[in-house]
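# Structural overview
For reference, the chains in residue letters:
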Amino acid sequence: MAVDRVDQRQFFDLGHQGDVDYTQITHLLELTPTQRLDRHEGWRLFVKEALSRAALRQRHDPALGSGRS
Amino acid sequence: MQHFVKDTIRRLVQAEVEFVVVGGISGVLQGASLVTVDLDICYKRSPANLARLAAALAPLEPKLRGLPSELPAAFDERTLHLGTNFTLQVGDENLDLLAEMKAIGGYEQIIAQAVEVPIDDLRVKVLSLEQLIATKAAVGRLKDLAALPILKATLELKRQHG
């Protein structure tokens, strides 16, 4: 029985295609620079924490991230 | 610090340091959907400004990043006179002080095209998106190249919307 091919992009496309989410930038342009900076600070702390945890894990297990794990 | 980026900028403005916010934060302030961990500034290398910059940062006890902690490497006005670009650690935060940026030059070239933005009650000079794109393209690290489509799209949308 032939099965219709499903275009999986519909499941993963979150409203933009390619490298840039124009919708998000448009939203950010509606904010003031102070609002943009305050919003960014939450993300900055999140990424900083994630990088810190990743570095800690790699110290405990050097094989992580080396391609040997 | 409660809000590292904002608190550091406020500290520099209040100390009358002549500087421009550069790097990813300059893109964020102009609407780019980037996330960056560090704060980068470009500073004027006049003797008076070096003194103001050193005095403003002294209470934060900045250290040169990556040096072994046992080395007695003080960061002060004399250090600023001896170098140009510095990568500092302030507590657990990263602050980069740049006198020159690849493809766009030093403070004088950057301030000439800088954009002024309000942050709370402050007026702060930030690197223009055009210059940010030029320097990131020239530096060419993976993370710089990855940011280019977002920065170009931000510039395009800003031009469309005036």
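Look a little higher up for the structure.
Attention here is on the structure that accompanies the text.

About the criteria used
Residues numbered from 1 in each chain as written. Chains lettered and ligands numbered in written order. Predicted model: local features only at pLDDT ≥ 70, side-chain atom pairs only at ≥ 80, totals over all residues. Heavy atoms only, no water. Helix = DSSP H or I, 4+ residues; strand = E, 2+ residues; numbered from the N terminus. Buried < 20%, exposed > 50% of the residue type's maximum accessible area, 1.4 Å probe, protein only. Areas by Shrake-Rupley, 256 points an atom, 1.4 Å probe, with all protein chains shown as cover. Core = buried A, V, L, I, M, F, W, Y, C linked by side-chain atoms within 4.5 Å. Contact = heavy atoms within 4.5 Å. Axes fitted to C-alpha atoms, helices over the stretch in contact; angles between N-to-C directions. Parallel < 35°, antiparallel > 145°, perpendicular 65-115°, else oblique. Nonpolar A, V, L, I, M, F, W, Y, C, P; charged D, E, K, R; others polar. Arc of directions from axis to C-beta. Pairing = 2+ DSSP bridges. Buried area = accessible area lost by both parts, 1.4 Å probe. Salt bridge = Lys/Arg side-chain N within 4 Å of Asp/Glu carboxyl O. Polar contact = N/O pair within 3.5 Å; in protein donor to acceptor, adjacent residues only side chain to side chain.

## Looking at the overall build of chain A
Across its full length, chain A carries 3 helices and 0 strands. Ordered by position from N to C terminus, the α and β elements of chain A give α-α-α. By the burial criterion, 20% of the 69 residues in chain A qualify as buried. Surface summary for chain A: the accessible area is close to 5700 Å², and the carbon and sulfur share equals 55%.

## Comments concerning the nonpolar core
Residue and element names in this part refer to chain B. Formed by 32 residues in total, the largest nonpolar core has its most connected members in V21, L39, Y43, L53, L57, L80 and L97. In terms of residue count, helix α3 (residues 47-57) provides more of this core than any other element does, 5 residues in total. Discounting residues that sit within four places of it in the chain, L57 has contacts with L12, P62, F75, L88, L95 and L97. Of all hydrophobic cores here, the second largest spans 25 residues; its members include M101, I104, L129 and I133.

## Structural notes on the environment of V20 of chain A
Take V20 of chain A: it is sitting in the loop between α1 (9-12) and α2 (22-29). Among residues more than four places away in sequence, those in contact with V20 of chain A are I25 of chain A together with P149, I150 and A153 of chain B.

## Some details on the packing of helix α3 (residues 33-60) of chain A against helix α1 (residues 4-14) of chain B
Running from N to C, α3 of chain A and α1 of chain B point in directions that differ by 130°, and their axes come no closer than 9 Å. Taken as axis vectors, α3 of chain A and α1 of chain B run oblique relative to one another. Judged by residue contacts, T34, L37, D38, E41 and R44 of chain A of α3 of chain A engage F4, V5 and K6 of chain B from α1 of chain B. In terms of residue class, the contact of α3 of chain A with α1 of chain B is made up of 3 nonpolar, 1 polar and 4 charged.

## Considering α3 of chain B
Residue and element names in this part refer to chain B. For α3, the full list of buried residues reads N49, L50, L53, A54, A56 and L57. Axial view of α3: buried residues confined to an arc of 165°, hence all on one face. Turned more than 90 degrees from where α3 packs its buried face, P47 and A55 sit exposed. Elements that come into contact with the buried residues of α3 comprise α1, β2 (39-43), α4 (77-82), β4 (86-90) and β5 (93-98).

## Digging into unusual backbone geometry
Residue and element names in this part refer to chain B. Look at E16: it is not a glycine, yet its phi comes out positive at around 60°. Its location among the elements puts E16 in the loop between α1 and β1 (19-22). Its identity as a non-glycine residue notwithstanding, A103 has a phi of 75°, on the positive side.

## Notes on the pairing of β4 of chain B
Residue and element names in this part refer to chain B. Only one face of β4 is covered, namely the one carrying F86, L88 and V90; the face carrying T87 and Q89 has none of its residues buried. Alignment of strand β3 (residues 63-64) against β4, held across 2 bridges, turns out to be antiparallel. Directly across from L64, in β4, lies its bridge partner L88. Where β4 lies against β5, 5 bridges are found, and the strand directions are antiparallel. Bridging from a neighbouring strand, V90 pairs with E93 of β5. The hairpin formed by β4 and β5 contains 2 residues between the paired strands, and G91 there has a positive phi angle of roughly 65°.

## Structural notes on the interface of chain A and chain B
At the junction of the two partners, chain A supplies 20 residues and chain B supplies 29 residues. In this assembly, chain A packs against chain B so that about 2200 Å² is buried in total across both faces, 67% of it on carbon and sulfur atoms. The largest share of the area that chain A buries against chain B comes from L37, H40 and R44 of chain A, three residues that together contribute 27% of it. The tally of links from chain A across to chain B stands at 4 salt bridges. The partner of K48 of chain A in a salt bridge is E93 of chain B, with the nearest N and O atoms 2.9 Å apart. Across the chain A-chain B interface, the total number found is 10 residue pairs in polar contact (both at pLDDT 80 or more). For the side of chain A that touches chain B, the secondary structure elements donating two or more residues are α2 and α3 of chain A. Here the element with the most residues in the side of chain A that touches chain B is α3 of chain A; it accounts for 12 residues. Taken together, the residues that form the side of chain A that touches chain B break down as 10 nonpolar, 4 polar and 6 charged.

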